[in-house]
Amino acid sequence: MSRAAKPVQQMAFITIGHGSFLMEASKAMKVAELMQHAVEARWDYFRSDGQDTYTVGDSASVEFKLVRANQVRVPQGEAAPVSAAQPRLLK
């Protein structure tokens, strides 16, 4: 019985504002799709009644690029990122 090599998942480079992330293309596409409806906002604790206020800014800047496997590298001495389950912040 031969084992077939696990196919390499298509990766994507997604930039949201000033942050850039590398993730599975299918997940990155979902993030980009959702973020196209977002607007930048600034939190202020300014009002005299003590309530938080939020100031709306421009539309979120989102960029999506597909990445080939040979374009991804991990610097020497760095641990390769693992996709182990991490605690979710949102439920």
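From a predicted model like this one, the values you see are computed outputs, not experimental measurements.

A. Representation of the nonpolar core within the structure. Ranked by size, the top nonpolar core spans five residues in total: Ala 12, Ile 14, Ala 25, Ala 28 and Ala 32. Of all elements in the fold, only β1 (11-16) and α1 (25-35) reach the threshold of two or more residues within this core. For this core, the leading source of residues is α1, giving three residues. In this structure Ala 25 touches Gln 10, Met 11, Ala 12, Phe 64 and Leu 66, once residues within four positions along its chain are discounted.

B. The arrangement of the pattern of salt bridges in detail. By the definition in use, this model includes three salt bridges. Note that Glu 24 is salt-bridged to Lys 27, the shortest N-O span being 3.9 Å. Exposure remark for Glu 24: the relative accessible area of 23% places this residue in the partly exposed category. Exposure remark for Lys 27: the relative accessible area of 43% places this residue in the partly exposed category. A salt bridge links Lys 65 to Glu 63; the nearest nitrogen and oxygen atoms lie 3.5 Å apart. The partly exposed category is assigned to Lys 65, whose relative accessible area is 44%. Judged by its relative accessible area of 39%, Glu 63 falls in the partly exposed class.

C. Fine view of the environment of Glu 40. Residue position: Glu 40 is located in strand β3 (residues 39-44). Apart from the residues within four sequence positions on either side, Glu 40 is in contact with Thr 55, Val 56, Gly 57, Asp 58, Ser 59 and Ala 60.

The rules behind these values
- Residues numbered from 1 in each chain as written.
- Predicted model: local features only at pLDDT ≥ 70, side-chain atom pairs only at ≥ 80, totals over all residues.
- Heavy atoms only, no water.
- Core = buried A, V, L, I, M, F, W, Y, C linked by side-chain atoms within 4.5 Å.
- Buried < 20%, exposed > 50% of the residue type's maximum accessible area, 1.4 Å probe, protein only.
- Helix = DSSP H or I, 4+ residues; strand = E, 2+ residues; numbered from the N terminus.
- Contact = heavy atoms within 4.5 Å.
- Salt bridge = Lys/Arg side-chain N within 4 Å of Asp/Glu carboxyl O.

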